[in-house]
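# Notes for the structure review
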Amino acid sequence: MSTARPNPDELLRRISEETERQKRGKLTLFFGAAPGVGKTYAMLEAARAELAHEQRDVLVGVVETHGRFETRALVHGLDLLPQRKVTYCGVEIEEFDLDAALTRHPQVLLVDELAHTNAEGSRHPKRWQDVEELLDAGIDVFSTMNVQHVESLNDVIAKITGVLVRETVPDSMLEKAHEIKLVDLPPDDLIERLREGKVYVPAQAQRAIENFFRKGNLIALRELALRHTAERVEAQMQEYREAQGIEQTWAVAEQILVAVSPSPYSPHLVRAARRMAAALHARWYAVYVEPISAIQVPKAAQQRLAQNLRLAEQLGAEVTTLSGENATDEILRFARERNITKIIVGKPVVTRLRDRFRTSFVDHMVRQSGDIDVYVTAGDPAPEESLPEPQPRRVPQISSWGAAAAVPLLSTAVAWLLFGRDQLADVVMTYLLGIMIVASRFGLGASVVTVLLSVAAVDFIFIPPYMTFAISDFRHAVTFVVMFSVAIVISGLTQRVKNQAAAARQREQRTAALYELSRELVAAQGSRRVIETATHQLEKLLNGKVAIFTPSASGTVSRAYASPGFAEASGREDSIAQWVWANRQEAGVGTTTLPGATALYVPLMASGGIVGVLGLNADPPDRFRALDQRRLLDAFATQVAVAVERTGLADQTEKARREVEKEQLRSSLLSSVSHDLRTPLAVITGSASTLLQSSTRLDAAMRRDLMNTILEEAERLNRLIRNLLDMTRLDSGAIRVRKEWLPLEEVVGAALHRLDAQLTGREVEVELPADLPLVSCDPVLIEQTLINLLENAVKYGAGPIKIGATSVPGEVMVEVADRGPGVPMDQATRIFEKFHRVAHEGGTSGVGLGLSICRAIVSAHGGRIWVQDREGGGARFRFTLPVTGEAPPLELSEPPPDLAESSA
């Protein structure tokens, strides 16, 4: 068994994960294909084994025996956790007691039916959430579930059985399981158990056999359960191989890899890999290794590569692109990481000169593959791709040829002047410096010409016999060979560094473009703004015209926003976008679907599915056939899709929040109004009926008291209705603020006059400075604000009520204070919310609208309102009114008689 030295960072990550895993409890899941296969029975047997052999503390949290005698017999003798009594729809039921289990904290806890939905009022809506909390507490849990409860298989099972399962468990829960024990039973045996009444009562069993438990359904469910368990076991095996650094392939399941390249022969390899994968029922991968100097790949080759990878994706391969200089090493590394058992590569059809001097790709693959099978195959390409397209030869620029000729001449002059013919080593180094300069500036071709001319110049000028190309000393021949070899190596390395730098610049540009798009999309708020931002950014980054199509309520897509100059709206173009939306596949120019379109249409896929369609008018039209451009487009499309989905979810969240607030408001209104309307109506009705029925037996004083009671309750009812109407009008914007300049004393006096009856017996202190400026306000609304604050002080406060005002720069602050119990600090903000009431001992409860009306009126004036504790006890309500503009001159007069320093 071959092992590799693990990556230190990876090793630290695994150690950290293992440490966290040891703190959590272990989940053992008994997994079955259908009810009745014996999951609960197997769980109880395992629990008894833990109790007998491991001597562990085992507790039965909840077990559903369904009346089966043999299951109940296994429960006998085990510690049982008392169930929690819950009343649901008038019926008392028993539920798992999570808090009692956490308090008891056993070593092993049995929690049957992981997908169970808890009754209302439980801490978590689902039982699997209870299990997560138990695992976090360090308790090992045994649980059971069926394959139809796996979230990712829900739609598949609904198509097979025709039954949509409502109770599901997320796949992440299964991934957290320490061990999955498959409890299997052949379909015929399960049906026999049903007939014998060991699963359901006979009447239910017969209906089950005719519907969900049909033999075909059971066979399909059994296969799904086996496959899901096998995938989990394979994941565990892969984790073990990575943890142990095992590179050797374990051929427990066939997995195929096909090496894809820009070659026109690659489609044949892809189809061969697809046929082999289908015959072996194996997963297969299509892998392309992008050289670091990918910038030098011709455009036609990039287009062929994109077509080859797209073909592999269409045939069901998992397409992966790797990066590296040595394609063989990268492919083998990937194959060992994924436990690949077979690799398919193409057989070279043309022998290249360099293959005679070094190991070819196929030979290297075969020699280094170890225990991985390598299939070398070749075939005829498609007729239209029989030969690679001839690439136009790049004609070097005149400057390159000039440099190739000028640098050796310059090197000769420098060497002759500085060193002469006696210091040959320094002369050679001078020529090598010139060669390196040419290689770094003008490419490999010019550097090779420079090498040839430099060697010839050294031989002609500096090597005897001089002024000839003859060589009298063999040592000089070796110098020429070394000089030529070193110069070629320097030229090649310099060119490679240039290519790598150019490729890195391209990648950096793509990354910067992606970052810029992401930043702009994150900053945009609202669906419309996100779509406009995405359109403008894509138009700038992709250098083309862009349109984004979004769906309507009817299921059709339309242009949400388009760049000026995008393809004109027409039935054809819109129908292509509709086709892309319906089929979730790209179409239009550069694709095999509707290639005659004027634009390329790409589906915007997010985690929740398709959210729209992206249209692109690129220049040139086939721009996105190149692999790097295609990747850039896919990355942009993903970012736009995520942003559109985010705004959609935000809109849904806001809509849900408004619905919740509306429902809460409706409930609060009903609960408040039902009480506050019923009380005065009951008093009015009782008093009026007493007057009618006993008018002859009542004296004048009693009749007057009853009529006063009717009047007071009617006024109370009128205030309630008025507050409700005012709040409704304020929320709807029906009330408009009509400001005028006036002294604050008039508003305060009017409010006190309105509340003269209610203020009887209460001392009111008014402190308004003589130099208080005029305020610009709506006198009716501010009067209503003061009335509400004074009524609040009368209802909840005690002792004298103080009304005051002070002038601060830019505003006037008004204060209403009392000596009551005050307002708790945690209620200081919520007290201004609609229908929020603070309970006071012995106090009268209101409907909770007065203060919210005050806040709405003050906010409409541009001010603010708050409450503070008053020194010595009580509450101090303050609000401000802004003083803006030029106030008219104030005419001094005697203050009104009702605004004395104190009044009773």
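Located above this text is the structure these notes cover.
## Focus on the sheet that holds strand β15 (residues 557-562)
Within the open sheet, the five strands sit side by side as β15-β14-β18-β17-β16. Their pairing is antiparallel. If you trace the sheet from one side to the other, it starts and ends with β15 and β16 (587-588), each paired once. Summarising the sheet, strand β14 (residues 545-551) and strand β18 (residues 609-617) pair through five bridges and their orientation is antiparallel. For K545, the partnering residue across the bridge sits in β18 and is N617.

## Focus on the environment of G67
Along the chain, G67 turns up in the loop between β2 (58-62) and α3 (69-75). Among the residues examined, G67 registers a relative accessible area of 54% and is labelled exposed. Distance in space between the C-alpha atoms of G67 and V199 is 8.9 Å, their sequence separation being 132 residues.

## Let's talk about the sheet that holds strand β7 (residues 140-146)
Strand order in the open sheet formed by six strands is β3-β2-β6-β7-β1-β8, with parallel pairing between adjacent strands. In the strand order of this sheet, the two ends are held by β3 (79-80) and β8 (179-183), each with one partner. Across five bridges, the pairing between strand β1 (residues 27-32) and β8 is parallel. Within the sheet, the bridge partner assigned to T28 lies in β8 and is E179. Those strands touched by helix α2 (residues 39-54) are β1, β2, β6 (108-111), β7 and β8, and its axis lies near 165° from that of β7. Taken strand by strand, helix α5 (residues 127-136) contacts β1, β2, β6 and β7, and its axis lies near 175° from that of β6.

## Quick word on a nonpolar patch on the surface
A grouping of L410, V414, W416, L417 and L418 is seen on the molecular surface, where their side chains present a nonpolar patch of about 550 Å² in accessible area. As for its position among the elements, L410 is in helix α15 (residues 398-418).

## Thoughts on the packing of aromatic side chains
One pass over the full model with this rule turns up five aromatic pairs. Relative to F462, the ring of W416 has its centre 6.2 Å away and its plane inclined at 55°; by these criteria the two rings are tilted. Taken as a pair, W416 in helix α15 and F462 in helix α17 (residues 444-462) lie far apart in primary sequence, 46 residues in all. The structure contains a cluster of three or more aromatic residues connected by ring pairs, namely W416, Y431 and F462. The aromatic ring of Y466 is capped on one face by R421, whose charged end is 3.8 Å from the ring centroid.

## Focus: the nonpolar core
Among the nonpolar cores identified, the biggest contains 57 residues, and F96, L110 and L134 are the most heavily contacted of them. Beyond its immediate stretch of four places on either side in the chain, F96 contacts G61, V62, L81, Q83, R84, A101, L109, V111, R127, D130 and L134. With 42 residues, the next largest nonpolar core counts L742, I787, C854 and F879 among its residues.

## A word on helix α14 (residues 361-368)
V362, H364 and M365 are the residues of α14 that are buried. Within α14, the buried residues cover an arc of 165° as seen down the axis, which keeps them to one side. On its buried face, α14 is in contact with α13 (327-337), β12 (342-346) and β13 (373-377).

## Quick look at the side chain of D97
On the secondary structure map, D97 appears in the loop between β5 (91-95) and α4 (98-104). One buried charge, D97, has no salt-bridge partner; the nearest side chain with opposite charge is R84, at 4.7 Å.

## Description of the pairing of β7
The element β7 is extensively covered by neighbouring structure, given that seven of its seven residues are classed as buried. Neither face of β7 is exposed, since D140, F142, T144 and N146 on one face and V141, S143 and M145 on the opposite face are all buried. Running through α5, the crossover from β6 to the neighbouring parallel element β7 is right-handed.

## Considerations on the side chain of R127
Note that R127 resides in helix α5. Ignoring anything within four residues of it in the chain, the contact list for R127 reads V62, E95, F96, V111, D112, E113, L114, H116 and N118.

## Describing the packing of helix α23 (residues 744-754) against helix α24 (residues 779-796)
Interhelical geometry of α23 versus α24 gives an angle of 50° and a closest axis separation of 9 Å. By the criterion of interaxial angle, the relationship of α23 to α24 is oblique. Considering how the two elements wind past one another, α23 and α24 form a crossing that is right-handed. Between α23 and α24, the contacting residues are V747, V748, A750, A751, L752 and R754 on the first element and P779, I782, E783, Q784, L786, I787 and L790 on the second. Here the residues of the contact of α23 with α24 sort into ten nonpolar, one polar and two charged.

## What to know about the packing of α13 against α14
Closest axis-to-axis distance for the α13/α14 pair is 9 Å, and the angle between their directions is 35°. For the pair α13 and α14, the sense of crossing is right-handed. Contacts from A327, T328, D329, I331, L332 and R336 of α13 reach α14 at F361, H364, M365 and Q368. In the contact of α13 with α14, the residues fall into five nonpolar, three polar and two charged.

## Description of the environment of S172
Within the secondary structure layout, S172 lies in helix α7 (residues 171-175). Distance from S172 to V150, taken between C-alpha atoms, is 9.9 Å for residues 22 residues apart in sequence.

## Structural notes on helix α6 (residues 154-161)
Taken together, the buried positions of α6 are occupied by N154, I157 and T161. The buried residues of α6 occupy an angular sector of 65° when the element is viewed end-on, so they sit on one face. In the stretch just after α6, G162 is the one whose phi turns positive, near 80°.

## Topic: unusual backbone geometry
The omega torsion of the bond from P464 to P465 falls at -5°, within 30 degrees of zero and hence cis. Tracing the chain through its elements places P465 in the loop between α17 and α18 (474-523). The phi dihedral of E113 is positive, around 55°, even though this residue is not glycine. Take E113: it is sitting in the loop between β6 and α5. Although it is not a glycine, R584 sits at a positive phi angle of roughly 60°. The topology assignment puts R584 in the loop between α20 (571-583) and β16.

Cut-offs applied
Throughout, residues of each chain are indexed from 1 in the direction in which the sequence is written. The predicted nature of this model means local features are confined to residues of pLDDT at least 70 and side-chain atom pairs, given and counted, to a pLDDT of 80 or more, with totals for whole chains, interfaces and linings taken over all residues. Hydrogens and water molecules were not included; the side-chain quantities draw on all heavy atoms of the structure. Any two strands are treated as partners once DSSP identifies two or more bridges connecting them. The numbering of helices and of strands both runs from the N terminus, where a helix is a DSSP run of H or I of at least 4 residues and a strand a run of E of at least 2. Only protein chains enter the calculation, and the probe is 1.4 Å; a residue is then buried if its accessible area is under 20% of its type maximum, exposed if over 50%, and partly exposed in between. Any two residues whose heavy atoms approach within 4.5 Å at even a single point are treated as in contact. Fitted lines through C-alpha atoms give the axes, limited to the stretch in contact for helices. The angle between two N-to-C directions lies from 0 to 180 degrees. Only residues whose relative accessible area exceeds 30% and that form no salt bridge are eligible for patches; like-charged ones are grouped when within 9 Å, while nonpolar side chains (Val, Leu, Ile, Met, Phe, Trp, Tyr) are grouped when within 5 Å. All accessibility values rest on the Shrake-Rupley procedure with a 1.4 Å probe; residue burial counts only the protein chains present in the view. The working definition used for a salt bridge is a side-chain nitrogen of Lys or Arg within 4 Å of a carboxyl oxygen of Asp or Glu. For Phe, Tyr and Trp, rings pair up if their centres lie within 6.5 Å, where Trp contributes its six-membered ring, and each pair is then called stacked (planes under 30 degrees apart), edge-to-face (over 60) or tilted (otherwise). The rule is short: NZ of Lys or CZ of Arg within 6 Å of the ring centre and within 35 degrees of the ring normal puts a charge over the ring. As used in this record, nonpolar core signifies buried Ala, Val, Leu, Ile, Met, Phe, Trp, Tyr and Cys residues forming a set joined through side-chain atoms within 4.5 Å. What the arc covers is the set of directions going from the helix axis to the C-beta atoms. Positive residues here are Lys and Arg, negative ones are Asp and Glu, while His and the chain termini are left out of the count. For the handedness criterion, the strands are oriented away from the viewer, and a crossover whose path from the first strand over the helix to the second runs clockwise is classed as right-handed. By definition in this entry, angles of less than 35 degrees are roughly parallel, angles greater than 145 are roughly antiparallel, angles of 65 to 115 are roughly perpendicular, and the rest are oblique. Handedness of each helix crossing follows the sense of rotation of the near helix against the far helix: counterclockwise by less than a right angle gives left-handed, clockwise gives right-handed. Each residue gets one label: Ala, Val, Leu, Ile, Met, Phe, Trp, Tyr, Cys and Pro are nonpolar, Asp, Glu, Lys and Arg are charged, and the others, such as Gly, are polar.

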